[in-house]
Amino acid sequence: MTGLPAHLVAERADRSAQTVRRQPCPRCGADTLTARTPDRVAALDVRTDPEPIDPATIPADRTRLAWCLTGGAHTPQRIRWRDRWHAPHCTHPVLITHHCPPQPVQGVLL
């Protein structure tokens, strides 16, 4: 039995990583969406909050990045960066990078 050629294995793994998945955050356990961006030069692993936001409420201080959830009925969903050229005419749902809520600080025990 022979396996698939290496280039096909790599292509399938890349497509699988780009597929949007619901996963709990490893730090806080919150429901999040995760995927790898489809960029071939500098792909990023992205974790966003699952609820789309109003594009007018994106924080101006850039502590949380804005992403577009692309895809439809016949194409798989992807998470793409919302850059300044795409943003003015974007019709995709806008997601924002996940930030864990502040953890309570444990006081001194003794």
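Residues numbered from 1 in each chain as written. Predicted model: local features only at pLDDT ≥ 70, side-chain atom pairs only at ≥ 80, totals over all residues. Heavy atoms only, no water.

1. Focus on the overall build of the protein chain
The test is simple: By the criteria applied, helices consist of DSSP H or I runs no shorter than four residues and strands consist of E runs no shorter than two, each listed in order from the N terminus. We call a residue buried when its accessible area falls under 20% of the maximum for its residue type, exposed when it is over 50%, and partly exposed in between, using a 1.4 Å probe and counting protein chains only. In what follows, residue pairs with any heavy atoms lying within 4.5 Å of each other are defined as contacts. We get accessible surface area from the Shrake-Rupley algorithm with a probe of 1.4 Å; when it comes to residues, only the shown protein chains can shield them.
Looking only at helices and strands, the protein chain features one helix and six strands. Residues classed as buried in the protein chain amount to 25% of the 110 residues present. Pairs at least 24 apart in sequence give 48% of the contacts found in the protein chain among residues at least 6 apart. Carbon and sulfur atoms form 57% of the exposed surface of the protein chain, whose accessible area is close to 8,200 Å².

2. Digging into the sheet that holds strand 2 (residues 31-36)
For sheets, the rule is that strands pair by backbone hydrogen bonds, running either parallel or antiparallel. Our working rule: Two strands pair under a simple rule: DSSP has to find at least two bridges between them. An axis is simply a line fitted to the C-alpha atoms; with a helix, the fit covers only the stretch in contact. Between two such axes, the angle follows the N-to-C directions and lies from 0 to 180 degrees.
Ordered by their spatial adjacency, three strands build an open sheet running 1-2-3, and the pairing between neighbours is antiparallel. Here the strands that pair on one side only, and so sit at the sheet edges, are strand 1 (21-24) and strand 3 (45-48). Averaged over all pairs of adjacent strands, the angle between their axes in this sheet comes to 35°, without regard to strand direction. With four bridges connecting them, strand 1 and strand 2 associate as antiparallel partners. Among the inter-strand pairings, R22 is bridged to a residue of strand 2, identified as L33.

3. Observations concerning the nonpolar core
Inclusion rule: The criterion is simple. A nonpolar core is a set of buried Ala, Val, Leu, Ile, Met, Phe, Trp, Tyr and Cys residues joined through side-chain atoms within 4.5 Å.
Core analysis: the largest hydrophobic core is formed by eight residues, namely V20, L33, A35, V46, W67, L69, I79 and L95. Elements supplying a minimum of two residues to this core: strand 2 and strand 4 (66-70).

4. Comments concerning the side chain of T37
With respect to the helices and strands, the residue T37 is situated in the loop between strand 2 and strand 3. Excluding anything up to four places from it in sequence, T37 contacts Q18, A42, A43, L44, V46, W67 and I79.

5. A look at the side chain of T70
Of note, T70 is situated in strand 4. Excluding its chain neighbours within four sequence positions, the residues that come into contact with T70 are P76, Q77, R78, R80 and H92.

6. Side note on the pattern of salt bridges
We count it as follows: By definition, a salt bridge exists where a carboxyl oxygen of Asp or Glu is found within 4 Å of a side-chain nitrogen of Lys or Arg.
Under the counting rule described, the total for this entry stands at three salt bridges. Salt-bridge contacts for R36 lead to D45; the nearest nitrogen and oxygen are separated by 2.9 Å. Look at R36 and you get partly exposed, because its relative accessible area is 29%. Residue classification places D45 among the exposed residues on the basis of a relative accessible area of 60%. Between D49 and R64 there is a salt bridge whose closest N-O contact spans 2.5 Å. Residue D49 is found in the loop between strand 3 and strand 4, and its partner R64 is found in the loop between strand 3 and strand 4; the two are separated by 15 residues along the sequence. What makes D49 buried here is its relative accessible area of 15%.

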